[in-house]
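# Report on the structure
Chain residues, written in single-letter form:
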Amino acid sequence: MAEQLTPETPDESEEQPIKQRKNGLYPGVSDELAANMQSGWADTELHDLQPVPQAEHTARRRAALSAHFPGERLVIPAGNLRTRSNDTEYSFRASTEYAYLTGNQTEDGVLVLEPKDDGHEATIYLLPRSNRENGEFWLDGQGELWVGRRNSLTEAEKLYGIPASDVRELPAALAESTGPTRVVRGHDAGIEKALTDKVTAERDEELRVFLSEARLVKDAFEVAQLEQACTSTARGFEDVVRVLDKAEATSERYIEGTFFLRARVEGNDVGYGSICAAGPHATTLHWVRNNGQVRSGDLLLLDAGVETNELYTADVTRTLPINGRYTELQRKIYDAVYEAQEAGIAAVKPGAKFRDFHDAAQRVLAEKLVEWGLVEGPVERVLELGLQRRWTLHGTGHMLGMDVHDCAVARTEAYVAGTLEPGMCLTVEPGLYFQADDMTVPEEYRGIGVRIEDDILVTEDGNRNLSAALPRRSEDVEQWMAELKG
């Protein structure tokens, strides 16, 4: 990785000395080199740009936000880069609220809705192109010669359909502003500091809750994005099956890397840390270390999702026999989870309570546990006391969208205690997990974990499985794997 020189914070009204990077190989910049770097560059302004595909949808979302908070200034930051180590940063991912309302994904951006008599005037505050006169573009660590070109403010206005201004001027303007203001917290400490005496935690949380609930029902653009995410995710699962022999020769990390390649080629990233859990690791719900062995005869629980370039993610799980064939006991447990998932999916329909699919799936699993003699019945007693949870552990699903656990701060009455509507998208993911050290079950059960998860869209007349391209029945899984392995 190349090293860089970094100037002092630029002030265009006066010359700033170059700040030498400690242990850098160059002592400074000569006047001749500085002058040379100021000229001889072509005009790269982009013309005839068209709005991003979601621009009409983001405009509608901002209008709904404006209508809900009349007369109040609303501030929604994208967030800032975060240091990974020394002078390297984590890959940036814009805050969901900001991307949902703008379609923009660049660091340091801020959307401000300024109240007007007839609603709000929106402005997107961004970093402009790097300054070539003061050397910022090649000396600053975030200058364009180091990290790449960014859009000019004029270009941004065309792309996102929102007037754009220099974000470096925003903190001072906010500090001097008056009138009621709300900000989405947790993304930009500098913006929050500028608003310290103008906002309250309670009012800010109301803004965050509203934006969370606004995403409960997906529009046509969002549904198409989720379909795309599921299609790419299915291809990623196929990629994994084709290289299971290589994973056996290495570790779970070969599986993780294989799926990640598909996510980066066809999308922005993975939507969350991939769970590539082989053998007893499948009983750990969020196993993301992915450093264990992959052995023939064990199961692989693969929970992974591609995030599209517009930040919508799939969330799919399959539990696969590494050698292509389930053992008798593995099949019994797998088929029980499949039956529970079928019951859960059948309960997803408009007008149903959100928790109906969870209750339906949990009942099937409780029945199986009683049938197998692992817990004392009757089933109603088991469900009333939650005794099945020793082996089912988690809820049967959650909302899905720009966050893998989307709409998470919505009011309980609008979410878990709410009613399903067309356009909602949720996961249905029952599981059974028999820990390796669980002495309450027969030895042959220990270390087996099974989860099956699909992304289900609520439709006008029922539901549609967006991830149906991946087989679910045990015999179909075996046939699919055999075909992929040739």
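Remember, it's a predicted structure, so these values are computed and weren't measured experimentally. (Residues numbered from 1 in each chain as written. Predicted model: local features only at pLDDT ≥ 70, side-chain atom pairs only at ≥ 80, totals over all residues. Heavy atoms only, no water.)

## Looking at helix α12 (residues 252-266)
The first and last C-alpha atoms of α12 sit 22 Å apart over 15 residues, in line with the 21 Å expected at 1.5 Å per residue. Taken residue by residue, α12 has E252, I255, T258, F259 and A263 as its buried positions. All buried residues of α12 lie within an arc of 135 degrees about the axis, which places them on one face of the element. Summarising the geometry of α12, the exposed residues directed more than 90 degrees from the buried face are R253, L261 and V265. Next to the buried residues of α12 lie α10 (220-242), α11 (244-249), β10 (269-270), β11 (275-278), β12 (299-304) and β13 (306-307). (Helix = DSSP H or I, 4+ residues; strand = E, 2+ residues; numbered from the N terminus. Expected span 1.5 Å × (residues − 1). Buried < 20%, exposed > 50% of the residue type's maximum accessible area, 1.4 Å probe, protein only. Arc of directions from axis to C-beta. Contact = heavy atoms within 4.5 Å.)

## A short note on the UniProt feature "domain: Aminopeptidase P N-terminal" (unreviewed entry) in the protein chain
According to UniProt, the feature "domain: Aminopeptidase P N-terminal" (unreviewed entry) maps to residues 52-192 in the numbering used here. Secondary structure over residues 52-192 splits into 34% helix and 22% strand, and the C-alpha atoms at its two ends are 29 Å apart. (UniProt positions renumbered as here; feature names shortened; annotations may be inferred.)

## A few points about the packing of helix α13 (residues 328-346) against helix α17 (residues 474-485)
The geometry of α13 relative to α17 is characterised by a closest axis approach of 10 Å and an angle of 115 degrees between their N-to-C directions. Only S474, E475, V477 and E478 of α17 make contact with α13, whose side of the interface consists of R331, Y334 and D335. Classifying every residue of the contact of α13 with α17 gives two nonpolar, one polar and four charged. (Axes fitted to C-alpha atoms, helices over the stretch in contact; angles between N-to-C directions. Nonpolar A, V, L, I, M, F, W, Y, C, P; charged D, E, K, R; others polar.)

## A closer look at the packing of aromatic side chains
Under the definition given, this model contains nine aromatic pairs. Relative to F259, the ring of F237 lies with its centre 5.9 Å away and its plane at 90 degrees, an arrangement referred to as edge-to-face. Here F259 lies in helix α12 and F237 lies in helix α10, a separation of 22 residues in the sequence. Summarising the burial analysis for this pair, F237 and F259 share the class buried. Three or more aromatic residues joined by ring pairs form one cluster here, namely F354, F357 and Y415. (Phe/Tyr/Trp six-rings, centres within 6.5 Å; stacked < 30°, edge-to-face > 60°.)

## Looking at the pairing of strand β3 (residues 73-77)
For β3, a buried count of five out of five residues is recorded, marking the element as mostly surrounded by other parts of the structure. What you see with β3 is no split at all: R73, V75 and P77 on one side and L74 and I76 on the other are buried throughout. Two strands pair when backbone bridges link them, and β3 and strand β9 (residues 181-183) are joined in this way by three bridges, in the parallel orientation. If you follow R73 over to β9, its bridge partner there is T181. Bridge count for β3 against strand β6 (residues 110-116) is four bridges, and the pairing is antiparallel. If you follow I76 over to β6, its bridge partner there is L111. (Pairing = 2+ DSSP bridges.)

## Points about the sheet that holds β12
Two orientations exist for strands paired in a sheet by backbone hydrogen bonds: parallel and antiparallel. Strand order in this open sheet of three strands is β11-β12-β14, and the pairing throughout is antiparallel. Looking at the sheet topology across the chains shown, the edges are occupied by β11 and β14 (316-321). Neighbour-to-neighbour, the strand axes of the sheet open up by a mean angle of 10 degrees, direction not taken into account. Those strands touched by α12 are β11 and β12, and its axis lies near 150 degrees from that of β11.

## Here's the deal with the sheet that holds strand β15 (residues 425-428)
Read across the sheet, three strands follow the order β15-β18-β19 without closing on themselves; strand pairing throughout is antiparallel. Among the strands making up the open sheet, the edge pair consists of β15 and β19 (462-465). Put simply, the sheet's adjacent strands are angled 40 degrees from each other on average, direction ignored. Two strands pair when backbone bridges link them, and β15 and strand β18 (residues 454-459) are joined in this way by four bridges, in the antiparallel orientation. Across the sheet, T427 pairs through a bridge with D455, a residue of β18. Sitting on the sheet, α13 touches β15, β18 and β19, and the angle it makes with β15 is about 160 degrees.

## Details of the environment of A224
Secondary-structure assignment places A224 in helix α10. Overall, the relative accessible area of 38% leaves A224 in the partly exposed class. For the pair A224 and Y312, spaced 88 residues apart in sequence, the C-alpha separation works out to 9.6 Å.

## Re the environment of R242
Tracing the backbone through its elements, the reader meets R242 in helix α10. Judged by its relative accessible area of 44%, R242 is partly exposed. Spatially, the C-alpha atoms of R242 and A469 are 16 Å apart, while their sequence positions differ by 227 residues.

## A closer look at the pattern of salt bridges
Counted by the stated rule, this structure contains 38 salt bridges. A network of salt bridges, in which partner residues are shared, links R235, D239, R242, R262 and E266. (Salt bridge = Lys/Arg side-chain N within 4 Å of Asp/Glu carboxyl O.)

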